[in-house]
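These are the residues of each chain, in order.
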Amino acid sequence: AEVSAIGLFFLCGLHLNAAVVIAMPLLALGLGVDDMFVFIRYFSDLGFDFISTRSTEDIVGELFAEAGPGTTLSSMCNIITFAVGAFFPISSMADFCLCAVFVSLMNYLVMTNLFLPLVVVEVFRVKSRRPEPHPVTYCCHKRAMRAAEATGRQSITATSSGSFDYGVEKSAIRVMKTRYAPLMMLPMMRLVVLLVVVLLLVVSLALIRNKELGYGPWDLFTTGSMESRSLELIFTAFSLFPARLIFTDLDVATSQA
């Protein structure tokens, strides 16, 4: 995904800078792993009974129905947010945000088109009741499956968190479903939430309009000095500038080894 995103970035006629080279791999990894965890979590919630009795098409469709809206919404939020940042007047930051747009888009496409075939492989493993083929967990999983045969437990091949009723997460979900959601759906609560949102928006606009800028770090030095000017450029024009190696008074022809 990152390689494809960098390719699109180059097709736009842009160049890499220090921020893209250093931070973009970590950002791409975080976005991709986040969506991957969402798919894996919902896949685990399907449970062994559902996976073993349904067709592969039904399983993939159910997984998309459960995890698709969340991953799509988060990816769209990332794309829109970084797209707004691409209009910054600071070229280095704008290039970074535009590259992040491509990374978010390609991560979403990879998760929905290339990661799901791996999920299908996992479906086949669960249906055939084989242990996880990972070299670290294979022996432990195989031993656990043998021990579970005596009790007749088959869900050892596909853990479903839906079968557990205790835990902080289950308690929080139960409270959200039985208390919080019905409370927020009351007409009075909808009106209160709307008024609070409008009030916060008005306060934010007022603070932005009446904001007062404090001192800049360059004010610590004499106005017009080299130190003051350098700090002003660093904090107002971003700290990433094109790097060039310049040789002065060097006769390359006569300095050859």
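Residues numbered from 1 in each chain as written. Predicted model: local features only at pLDDT ≥ 70, side-chain atom pairs only at ≥ 80, totals over all residues. Heavy atoms only, no water.

## Comments concerning the pattern of salt bridges
Under the criterion given, the structure shown has 2 salt bridges. When the shortest N-O distance is used, the salt bridge between Asp45 and Arg41 registers 3.3 Å. With Asp45 and Arg41 both in helix H2 (residues 18-53), this residue pair falls 4 residues apart, about one helical turn. We classify Asp45 as partly exposed; its relative accessible area is 28%. Taking the shortest distance from any N to any O, the salt bridge between Arg125 and Glu122 comes out at 2.6 Å. Here Glu122 and Arg125 lie together in helix H5 (residues 115-127), a separation of 3 residues that amounts to about one turn. (Salt bridge = Lys/Arg side-chain N within 4 Å of Asp/Glu carboxyl O. Helix = DSSP H or I, 4+ residues; strand = E, 2+ residues; numbered from the N terminus. Buried < 20%, exposed > 50% of the residue type's maximum accessible area, 1.4 Å probe, protein only.)

## Re the nonpolar core
Ranked by internal contacts, the top residues of the largest apolar core, which has 17 residues, are Ala5, Val20, Met24, Phe96, Cys99 and Val103. Breaking this core down by element, the ones donating at least two residues are helix H1 (2-11), H2, helix H3 (56-85) and helix H4 (91-113). Per-element accounting of this core gives the leading share, 7 residues, to H4. By size, the runner-up hydrophobic cluster in this structure holds 15 residues, among which are Phe39, Val119, Val123 and Val126. (Core = buried A, V, L, I, M, F, W, Y, C linked by side-chain atoms within 4.5 Å.)

## Examining the packing of aromatic side chains
Summed over all chains, the structure comprises 3 aromatic pairs. On the basis of an interplanar angle of 50° and a centroid distance of 6.3 Å, the ring pair of Phe9 and Phe10 is categorised as tilted. Since its relative accessible area comes to 0%, Phe9 is described here as buried. Ring geometry for Phe39 against Phe115: centres 6.3 Å apart, planes inclined by 50°, an arrangement best described as tilted. Of this pair, Phe39 sits in helix H2 while Phe115 sits in helix H5, and the two are 76 residues apart along the sequence. Comparing Phe39 with Phe115 shows no difference in burial state: the two are buried. Among the aromatic residues, those joined into a ring-pair cluster are Phe39, Phe64 and Phe115. (Phe/Tyr/Trp six-rings, centres within 6.5 Å; stacked < 30°, edge-to-face > 60°.)

## A word on the side chain of Ser75
Looking at where Ser75 falls in the secondary structure, it is placed in helix H3. Overall, the relative accessible area of 4% leaves Ser75 in the buried class. In this structure, Ser75 is in contact with Asp35 and Tyr108, ignoring residues within four places of it in sequence. (Contact = heavy atoms within 4.5 Å.)

## Examining the packing of H2 against H5
Taken N-terminus to C-terminus, the directions of H2 and H5 make an angle of 30°; their axes are 11 Å apart at the nearest point. Between H2 and H5, the interaxial angle falls into the category roughly parallel. The interaxial crossing formed by H2 with H5 has right-handed handedness. Of H5, the residues touching H2 (which contributes Met36, Phe39, Ile40, Phe43, Phe48, Ile51, Ser52 and Thr53) are Phe115, Leu116, Val119, Glu122, Val123, Val126 and Lys127. Across the contact of H2 with H5, the residue classes tally to 11 nonpolar, 2 polar and 2 charged. (Axes fitted to C-alpha atoms, helices over the stretch in contact; angles between N-to-C directions. Parallel < 35°, antiparallel > 145°, perpendicular 65-115°, else oblique. Left-handed = near helix turned anticlockwise from the far one by under 90°. Nonpolar A, V, L, I, M, F, W, Y, C, P; charged D, E, K, R; others polar.)

## Looking at a nonpolar patch on the surface
A contiguous nonpolar patch, built from Met188, Leu191, Val192, Leu194, Leu195, Val196, Val198, Leu200 and Val202 and spanning about 820 Å² of accessible area, is present on the exposed surface. Looking at the element boundaries, Leu200 is found in helix H8 (residues 187-209). For Leu200, a relative accessible area of 51% gives the class exposed. (Patch = residues over 30% accessible without salt bridge, like charges linked within 9 Å, V, L, I, M, F, W, Y side chains within 5 Å. Areas by Shrake-Rupley, 256 points an atom, 1.4 Å probe, with all protein chains shown as cover.)

## A closer look at H3
Compared with an ideal rise of 1.5 Å per residue, which puts 30 residues at 44 Å, H3 spans 41 Å between its outermost C-alpha atoms and is within 8% of the ideal. At Ala67, H3 shows its maximal bend, which comes to roughly 45°, and the proline Pro69 appears one to four places after that position. The set of residues buried in H3 consists of Thr56, Ile59, Leu63, Ala67, Gly68, Thr71, Ser75, Ile79, Phe82 and Gly85. Buried positions along H3 lie against H2, H4 and H5. (Expected span 1.5 Å × (residues − 1). Bend = angle between axes of the 7 residues up to and from the residue.)

## A few points about the state of the cysteines
Applying the stated criterion across every chain yields a total of 0 disulfides. The thiol of Cys99 is not disulfide-bonded; the next cysteine sulfur, from Cys12, is found 9.8 Å away. (Disulfide = S-S within 2.5 Å.)

## Thoughts on the environment of Glu66
Its place among the elements puts Glu66 in helix H3. Accessibility expressed as a relative area gives 39% for Glu66, which makes it partly exposed. Taking C-alpha positions, Glu66 is 9.4 Å from Val38, a pair spaced 28 residues apart along the chain.

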